[in-house]
Amino acid sequence: MMRLVPFEPAHLERLELREFDRLGVVGLGDGRDLGRLAEFYARSGPAFTVLVRGCVAACAGVAVQPGATGNAWMFSGTLIGEQPVAVARAIRRGLEDIECEHGLTRIQTTAHHSLDLPPRWYAFLGFSREGLLRRLVGDDDYYLYARVR
């Protein structure tokens, strides 16, 4: 059974991160740990957790900014592989709910160029690749994706 619940920082700590997401956390640098990161995301705006059989499969949310814009974030766990389409649908539904509830006209996210997910994943969630942000963090390049209403 799958369901969406409001995000709590403890969810991120219970998530068995996929290699893709583990590398993303390491890439944040400056000694950030998952607990502090989870607290930051909990304060940044609406967020949700996808549960599969009561276990955390993914955590996602949107840091809402002035001007009807938000920055999306997501961490996924190894459970996502058991039901990838159902989890992706749940994440899309969660983003749609946040978009409507907060009157957002743009949700954007970035992905490190070397860790980029397949373009169809972003398209399924309603995002389009807008371009490459060169040297966004240090010497690292990131792709910019946006979901525009």
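Bear in mind the structure is a predicted one, so any value in this text is a computation, not a measurement.

1. A few points about the overall build of the protein chain
Turning to step 1, where the next piece is worked out: Each helix and strand counted, the protein chain has five helices and seven strands in total.
Turning to step 2, where the next piece is worked out: Listing each helix as α and each strand as β along the protein chain from the N terminus yields β-α-α-α-β-β-β-α-β-α-β-β.
Turning to step 3, where the next piece is worked out: Computed over the C-alpha atoms, the radius of gyration of the protein chain is 14 Å, within 12% of the 15 Å expected from 2.2 N^0.38 for a compact globule of 149 residues.
Turning to step 4, where the next piece is worked out: Taken along its principal axes, the extent of the C-alpha atoms in the protein chain is 40 × 35 × 30 Å.
Turning to step 5, where the next piece is worked out: Here the protein chain, with 149 residues, has 42% of them falling under the buried criterion.
Turning to step 6, where the next piece is worked out: A separation threshold of at least 6 residues defines the contact pool for the protein chain, and within that pool the share at least 24 residues apart is 65%.
Turning to step 7, where the next piece is worked out: Roughly 8,000 Å² of accessible area belongs to the protein chain as shown, and the carbon and sulfur atoms make up 53% of that amount.
Turning to step 8, where the next piece is worked out: For the protein chain, the distance from the average position of its 18 positive side-chain charges to the average position of its 18 negative side-chain charges is 4 Å.

2. A closer look at the packing of aromatic side chains
Turning to step 1, where the next piece is worked out: On inspection of all chains with the given rule, the structure shows six aromatic pairs.
Turning to step 2, where the next piece is worked out: Between the aromatic rings of Trp73 and Phe75, the centroid separation amounts to 6.3 Å while the plane-to-plane angle is 50 degrees, which identifies the pairing as tilted. Of the two residues examined, Trp73 and Phe75, each falls in the buried class.
Turning to step 3, where the next piece is worked out: Grouping aromatic residues by their ring pairs yields a cluster made of Phe7, Phe40, Tyr41, Trp73 and Phe75.
Turning to step 4, where the next piece is worked out: The positively charged end of Arg92 is found above the aromatic ring belonging to Phe124, 4.0 Å away from the centroid.
Turning to step 5, where the next piece is worked out: Over the aromatic face of Tyr143 sits the side chain of Arg129, whose NZ or CZ is 3.7 Å from the ring centroid.

3. Comments concerning the side chain of Thr49
Turning to step 1, where the next piece is worked out: Assignment of secondary structure puts Thr49 in strand S2 (residues 47-52).
Turning to step 2, where the next piece is worked out: Within the structure, Thr49 has its side chain in polar contact with the side chain of His11 (distance 2.7 Å).
Turning to step 3, where the next piece is worked out: Apart from residues no more than four positions distant in its own chain, Thr49 is found in contact with Arg3, Leu4, Val5, Pro6, Phe7, Glu8, His11, Val56, Ala58 and Cys59.

Thresholds applied
Here the residue numbering is sequential within each chain, running from 1 through the sequence in written order. Selection of residues for local features in this predicted model requires a pLDDT of at least 70, selection of side-chain atom pairs for listing and counting requires 80 or more, and totals for whole chains, interfaces and linings are taken over all residues. The side-chain quantities take in all heavy atoms of the structure and omit both hydrogens and water. Strands here are runs of E lasting at least two residues and helices are runs of H or I lasting at least four, both read from the DSSP assignment and numbered beginning at the N terminus. When we talk radius of gyration, it's over C-alpha atoms, and the globule rule is simply 2.2 Å times the number of residues to the 0.38. Each residue gets one of three labels from its accessible area relative to the maximum for its type: buried under 20%, exposed over 50%, partly exposed in between, using a 1.4 Å probe on protein chains only. When checking whether two residues touch, look at their non-hydrogen atoms; a contact exists if any pair is within 4.5 Å. Working definition of accessibility: Shrake-Rupley area with a 1.4 Å probe, residue cover restricted to the visible protein chains. Charge assignment in this entry is limited to Lys and Arg as positive and Asp and Glu as negative, and neither His nor the chain termini are counted. Charged groups are reduced to one reference atom each: NZ for lysine, CZ for arginine, CG for aspartic acid, CD for glutamic acid. Between the rings of Phe, Tyr and Trp (Trp by its six-membered ring), a pair exists once the centres lie within 6.5 Å; its type follows the angle of the planes, with under 30 degrees stacked, over 60 edge-to-face, and the other angles tilted. Consider the ring centre and the ring normal. A charge sits over the ring if Lys NZ or Arg CZ is within 6 Å of that centre and within 35 degrees of that normal. Each polar contact in these results corresponds to two N or O atoms within 3.5 Å; when the atoms are within protein, one needs to be able to donate a hydrogen and the other to accept it, and residues that are neighboring in sequence are counted only if both atoms are side-chain atoms.

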